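A look at the structure
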Amino acid sequence: MPKISQGFKFFAHPADAKFQAYGGNLEEAFQNAAYALVSLMWDRDRVRPEMSYPVALEARDLKQLLVSFLEEVLYLLDSRGFLLHSVDELTIVKEGHRFLLRSRFGGDRCAEGLETFGEVKAITYHEMVIETDGRAMVQVVVDV
Amino acid sequence: MDLKKIGPYTYEIAQHGDMKVPAVIYSSQNLLEGVRRDMTLKQARNVACLPGIQRKAYVMPDAHQGYGFPIGGVAAFDLEDGIISPGGVGYDINCGVRLLRTEYSAEDVKPKLRQLLAAICREVPAGVGKAGVIRLSKRILQDVCAKGAEWAVENGYGTKTDLERTEEYGRMSSADPAVLSPRAIERGIPQLGTLGAGNHFLEIQKVDEIYDPETARIFGLQAKGQIVVMIHCGSRGLGHQVASDYIRAMENKVGTGGLPDRELVNAPIRSALGQEYYKAMSAAVNFAFANRQMIVHWVREVFARVLGSAEGMDQVYDVCHNVAKFERHAIHGQEKKVCIHRKGATRSFGMGRAEIPEVYRDKGQPVIIPGSMGTASYILLGTEAAEQLSFGSTAHGAGRVMSRHEARRRFRGEQVKQDLAGKGIELQATSWRGVSEEASQAYKDVDEVVRVSHEVGIGRLVARVVPVGVIKG
């Protein structure tokens, strides 16, 4: 079984990839969710934080925010060939009826010789759970 | 879930609760076990509750749980009071399959197989994060999305005959690239002409069995051992982004209140947002058609270079697996235009339909059903009966039964490659881990899926093909 010390854990799911990511707060759980997602596609320890992209998102609820946040990883991969190494300076705040997320993605462009694995097509709401009582946990199923 | 057997391979969930129509499942005892284990039946019931649904919600033999709609789900909606739903099409819009015939036999190809595969790998970028060889401007990408495979042919990729032998003739005229988000366009620009990864593949196959020689001949498949090429890919990140964009737009504008599942989010077909999604989805459909068209062209170039000729490498057909479109169907004895959603299902029209190219119109449409890595794939014939049974639809493939993690735990990529080699199948892949995740044991038995399709009569067996060379992204 995968190490929980990574901050995330995968579960058996008939067709797709399902994981839970954990943290002391929501920001950490979101960060670990991004690392869980990346683990399906490449080994982030083999990517150097050579460059960074600012991330600014807003959503009507936390689930939509989580979908948008993880989609950012896929968007940067497809459009810029950007491989995520780290999620830095992540903050989530609620302003009125909106949830705002700010962060900085560190990583590098896809280089020859770096092995990439399977493809993730999209982030779904399927079986999505976000728990914020005490320690935070998010559960995500992604379409592979 | 209360499931009533109403035929040898037909089961029904009777209309109850909020269901507006019954749901019908085409399955066998074996396949049904899997369907009962996951959420397929619940999802089929949910679809049957959606506004404006016509006749019945249908579930194909290869069904498994999806997001909102089941994979292998077919539903039609009334144009006045019905809905359109990105979840009814799927994230990989126009994921589809194209089949090319050749004049070569397995013996002709065998000595040059490795060379062929290596050359195709060089021409057709595959794998995660691999960009295409051509870099497009935004304007050209919009042109691609407006014209689909026609754009590719105009630019020297393939022939007019290829267009005739493509669903929608390679272009949905409803496409409007102007509605695509900047993000969809940005994701599409580097990816035109790429295979992608995951379950997508390019295979050199040989005809292994012919069940219906007369139809096979019309499809250009003459004899056992004949080499064909199958290409399975979709609209890449552009299509994924369109799905995500409109799920979000519909959530914000229409809302998800009252829906049993957030992924069933939808908009009335008549609404501005429903229409806009249809235009964007059509643009993604066209991107995928152009993508497969370019790949076919490169495959022909490689065959010409390595084997001396690409003569007779005609396209058999190209089918969509994930799409919504407007079609005419009989609803309670009256023919009317409806909005069909096929999610993980293949159109399977019988003889006479105007949508089928002339060359096949007296017979029916070729239906191409890919297996998983290293297993057989099938060519079926669309039937008239399917129009009554499933709005002219059948299965689309094998469908996963095991998560990637589980597959990786059980199989090693190197071993999978060796096992394939033992069966005489050469594999070229970008990642060992990807290979283990796509091991054929992680998928349903495609043989049983097509047998059910044949027995029910929604797609009849024409030929079986088996891989000799596999390229995995």
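Bear in mind that the values here come from a model prediction, so they are computed numbers and not experimental data.

1. What to know about the overall build of chain B
Scanning chain B for helices and strands turns up 17 helices and 19 strands. Expected size for 473 residues packed as a compact globule is a radius of gyration near 23 Å; at 21 Å, chain B falls within 12% of this value. Seen through its C-alpha atoms, chain B measures out along the principal axes to roughly 60 × 50 × 50 Å. Counting over 473 residues, chain B shows a buried share of 62%. Once local pairs closer than 6 in sequence are excluded, the contacts in chain B between residues at least 24 apart make up 77%.

2. A word on the overall build of chain A
For chain A, the helix and strand inventory stands at two helices and eight strands. Counting from the amino terminus, chain A carries its helices and strands in the arrangement β-β-α-β-α-β-β-β-β-β. Its C-alpha atoms give chain A a radius of gyration of 14 Å, within 12% of the compact-globule value 15 Å for 144 residues. On the principal axes, the C-alpha backbone points of chain A span a range of 45 × 35 × 25 Å. Of all 144 residues assigned to chain A, the portion counted as buried reaches 48%.

3. Here's the deal with the interface of chain A and chain B
Across the boundary between the two partners, chain A contributes 33 residues, which contact 38 residues of chain B. When residues of the side of chain A that touches chain B are assigned to their parent elements, the largest contribution, seven residues, is made by helix 2 (residues 62-80) of chain A. Class assignment of the residues belonging to the side of chain A that touches chain B gives a composition of 17 nonpolar, eight polar and eight charged.

4. Structural notes on the environment of A:Lys121
Mapping A:Lys121 onto the fold places it in the loop between strand 5 (98-109) and strand 6 (122-123). Accessibility expressed as a C-beta count within 10 Å gives 25 for A:Lys121, which makes it buried. Each C-alpha atom, one on A:Lys121 and one on A:Ser103, is 23 Å from the other, the two residues being 18 residues apart in sequence. Ignoring sequence-local partners within four residues, the contact set of A:Lys121 consists of A:Asp143, A:Val144, B:Tyr91, B:Asp92 and B:His240.

5. Re unusual backbone geometry
Its identity is not glycine, yet A:Glu127 carries a phi of approximately 55°, on the positive side. Structurally, A:Glu127 is set in the loop between strand 6 and strand 7 (129-131). Overall, A:Glu127 belongs to the partly exposed group, with 15 C-beta atoms counted inside 10 Å. With phi around 55°, B:Arg236 is a residue other than glycine that occupies positive phi space. Along the polypeptide, B:Arg236 turns up in helix 10 (residues 236-253).

6. A few points about the sheet that holds strand 13 (residues 334-343) of chain B
Note: strands within a sheet are paired through backbone hydrogen bonds, in either parallel or antiparallel orientation. Residues and elements named next belong to chain B. A sheet is described by the order of its strands in space; here seven strands give the open sequence 1-2-3-4-5-13-12, paired in mixed fashion. Two strands bound the open sheet, and with one partner strand each, they are strand 1 (4-7) and strand 12 (322-331). Strand-to-strand, the axes of this sheet are offset by a mean angle of 30°, without reference to chain direction. As paired strands, strand 2 (residues 10-13) and strand 3 (residues 23-26) are joined by four bridges and run antiparallel to one another. Residue pairing across strands places Glu12 opposite Val24, the latter belonging to strand 3. Sheet contacts for helix 17 (residues 446-456): strand 2, strand 3 and strand 4 (57-64); angle to strand 4, the most-contacted strand, approximately 145°.

7. Topic: helix 17 of chain B
For helix 17 of chain B, the set of buried residues is B:Val446, B:Val449, B:Val450, B:Val452, B:Ser453, B:His454 and B:Val456. Two residues or fewer after helix 17 of chain B comes B:Gly457, characterised by a positive phi angle close to 95°.

8. Some remarks on the packing of helix 5 (residues 138-147) of chain B against helix 11 (residues 272-307) of chain B
All names here are of chain B. Two numbers describe how helix 5 lies on helix 11: the axes approach to 6 Å, and their chain directions differ by 95°. Looking at the two axes, helix 5 sits roughly perpendicular to helix 11. Packed against helix 5, whose contacting residues are Val144, Cys145, Ala146 and Lys147, the element helix 11 presents Ala283, Asn286, Phe287 and Ala290 at the interface. In terms of residue class, the contact of helix 5 with helix 11 is built from six nonpolar, one polar and one charged.

9. Thoughts on the sheet that holds strand 5 of chain A
Residue and element names in this part refer to chain A. A sheet is described by the order of its strands in space; here three strands give the open sequence 3-5-4, paired in antiparallel fashion. Edge positions in the sheet fall to strand 3 (51-59) and strand 4 (82-95), since each has one partner strand and no second. In this sheet, adjacent strand axes meet at a mean angle of 15° when their direction is disregarded. Inspection of the sheet shows strand 4 paired to strand 5 by eleven bridges, in the antiparallel sense. The partner of Asp88 across the bridge, within strand 5, is Arg104.

10. What to know about the pairing of strand 2 (residues 17-23) of chain A
Two faces make up the sheet, and in a regular strand the side chains alternate between them. Residue and element names in this part refer to chain A. Burial analysis of strand 2 places five of its seven residues in the buried class, the great majority of the element. In this sheet, strand 2 lies alongside strand 1 (residues 8-11) in antiparallel orientation, the contact comprising four bridges. By the bridge assignment for strand 2, Phe11 is matched with Lys18. Direction of pairing for strand 2 relative to strand 8 (residues 136-143): antiparallel, over a ladder of seven bridges.

What counts and how
Residues numbered from 1 in each chain as written. Chains lettered and ligands numbered in written order. Predicted model: local features only at pLDDT ≥ 70, side-chain atom pairs only at ≥ 80, totals over all residues. Helix = DSSP H or I, 4+ residues; strand = E, 2+ residues; numbered from the N terminus. Rg over C-alpha atoms; globule rule 2.2 N^0.38 Å. Buried ≥ 20, exposed ≤ 12 C-beta atoms within 10 Å, placed from the backbone. Contact = placed C-beta atoms within 7 Å. Nonpolar A, V, L, I, M, F, W, Y, C, P; charged D, E, K, R; others polar. Pairing = 2+ DSSP bridges. Axes fitted to C-alpha atoms, helices over the stretch in contact; angles between N-to-C directions. Parallel < 35°, antiparallel > 145°, perpendicular 65-115°, else oblique.

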